[in-house]
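# Remarks on the overall topology
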Amino acid sequence: MNVNSQNVSSNRKPKTFNNLERFVEGWYWVIPSKNLREGEVKPITILGRELVIYRGEDRRVIIFDAYCPHMGAHLAEGKVEGNELRCFFHHWKFDAEGICVDIPCLDEPLSTKLKVWPTAEKYETIWIWTGEIPQLPLPYIPELEQKECDVTFASRLVTNCHPNVVMINVIDAQHFNSVHKLPLKIDFEKYELNQNAIIFNNITPISGDSFFIKLISRFYKNAITYSICYWYGSTGMVTFGPDFLHLHFMISLRLIEEGKAEIMTLLMIKKRRGILGRLYNHFVLWLAKILGKKFIKGDTKLFQTIQFDLKTPIKADRSIIQFINHLERQKPLMWKSWQLARSQDVESMQNRDRWRDERTND
Ligand code: FES
Ligand SMILES: [Fe+2]
């Protein structure tokens, strides 16, 4: 895959964007919460790193590095005992902090410790933080920060291109007309929420004479409600819909082998009380799932064959350039090892030349 644009000078080349060996330190989805019952232990591979996940009887989710520090057995072969995990091979036991608490043939366990990774559960999904201490919260939609939601899983798929390339599709203004046949002019305004989150809001008022425009304009006051909040360059929280009914979807990606992307999408809507409220939300989520599948057909075809190379950016690509610049300023880790990417890259991260083009004004 051609990672960078050939006609952009080398000091302006993105180092993290579309790089099949790098990802940004952050929160990443692991598995749906319902796929890990109390007392269950499973092997998982996230961003190239082999891990083991289990749920103790206190219902807490624990994630360790996969291999036993004694002789390298995979700990997913082991057994959950209370809130602890016992290795299958020689029965060494580790507590939820990764500390070895029992070696059956010794009176005292050795002071050996497993690597434990921070975890969280939200949106009916288990998440992992890929560094030592979580620096920022789980991805959230600012307008839903303190609110409860109803959630439904929409799809899971693997694409042939890098997660970053999938992510920018949602702010690719031109393709709404060409691929999705929407007779709308989309123009985004960006706002950096924090070091790892950036929001793009559509600011284009509705105009036009088509039947579609006339129909939807009944439900909107000003501009079409369409905004996306990107977290860690890998999870996008999208809000759209008429003013009275905001619907949200989350598209969350992980980099897998050969620079491909593993995608999970889920739909969210603000919780409504009572039977009618629940039925209403159920119906809206069901409808959104069907429409969403139809909507992304053109995109999924594109993701299988694209060789991303933004050789000729134009003004309409401005948001994409802004996304790349924001991504480049985040902390890069290496796929598989989760080590910090080369130090000289990190040192210059804050002062790095922006990957810019005068035609995009960024
Ligand atoms: S390999 Fe795990 S206890 Fe020996
Ligand atoms: Fe699209």
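Located above this text is the structure these notes cover.
Described in the following lines is the structure provided in the data block. These numbers were taken from a predicted model, which means no experiment stands behind them. (Residues numbered from 1 in each chain as written. Chains lettered and ligands numbered in written order. Predicted model: local features only at pLDDT ≥ 70, side-chain atom pairs only at ≥ 80, totals over all residues.)

Our next topic: the nonpolar core. Membership of the largest hydrophobic core comes to 78 residues, with the highest contact counts inside it found for Val52, Val166, Tyr230, Phe249, Leu266, Met268 and Phe323. Residue-level mapping places this core at the junction of two domains, with at least three residues from each of domain 1 (24–129) and domain 2 (142–344). Sequence-distant contacts of tyrosine 230, that is, excluding residues within four places in its chain, are made with Met167, Ala197, Ile198, Gly236 and Phe323. (Core = buried A, V, L, I, M, F, W, Y, C linked by C-beta atoms within 7 Å. Buried ≥ 20, exposed ≤ 12 C-beta atoms within 10 Å, placed from the backbone. Domains from an automatic or database assignment. Contact = placed C-beta atoms within 7 Å.)

In sheet architecture, strand pairing relies on hydrogen bonds along the backbone and comes in two forms, parallel and antiparallel. One open sheet accounts for four strands, arranged E3-E4-E5-E10; its pairing is antiparallel. Every other strand in the sheet has two partners, leaving strand E3 (41–46) and strand E10 (116–117) as the edge strands with one partner each. (Pairing = 2+ DSSP bridges. Helix = DSSP H or I, 4+ residues; strand = E, 2+ residues; numbered from the N terminus.)

Taken together, four strands build an open sheet; the order of strands is E6-E7-E8-E9 and the sheet is antiparallel. The sheet terminates laterally at strand E6 (79–81) and strand E9 (100–102), the two strands that pair on one side only.

Moving on to the pairing of strand E16 (residues 225–231). Side-chain direction in a regular strand flips from residue to residue, so the side chains alternate between the two faces of the sheet. Of all seven residues in E16, six are buried, a share of seventy percent or more. Taking the residues between adjacent antiparallel strands as the criterion, E16 and strand E17 (residues 235–241) are bridged by three residues, where tyrosine 232 takes a positive phi near 55°.

Glancing now at helix H6 (residues 318–328). Of all eleven residues in H6, nine are buried, a share of seventy percent or more. Inspection of H6 places Arg318, Ser319, Ile320, Ile321, Gln322, Phe323, Ile324, Leu327 and Glu328 among the buried residues, and these make up the whole buried set. Structurally, H6 contributes buried residues whose contacts are with strand E1 (22–24), helix H1 (163–168), strand E14 (188–194), strand E15 (197–202) and E16.

Let us now look at the environment of serine 227. Within the secondary structure layout, serine 227 lies in strand E16. Separated by 14 residues in the primary sequence, serine 227 and glycine 241 place their C-alpha atoms 10.0 Å from one another. Residue contacts for serine 227: discarding those within four places in its chain leaves Ile199, Phe200, Asn201, Asn202 and Thr239.

Along strand E4 (residues 49–55), five of the seven residues are buried, which leaves the element largely enclosed by surrounding structure. By the bridge criterion, six bridges tie E3 to E4 in an arrangement that is antiparallel. Residue pairing for E4: proline 43 is matched across the bridge by valine 52. The loop that links E3 with its antiparallel partner E4 comprises two residues; one of these, leucine 47, has a positive phi angle of about 50°. Direction of pairing for E4 relative to strand E5 (residues 61–65): antiparallel, over a ladder of five bridges. Counted as the bridge partner of tyrosine 54 is isoleucine 62 from E5. Here E4 folds back onto E5, and the loop between the two strands holds five residues, one of which, arginine 59, carries a positive phi near 75°.

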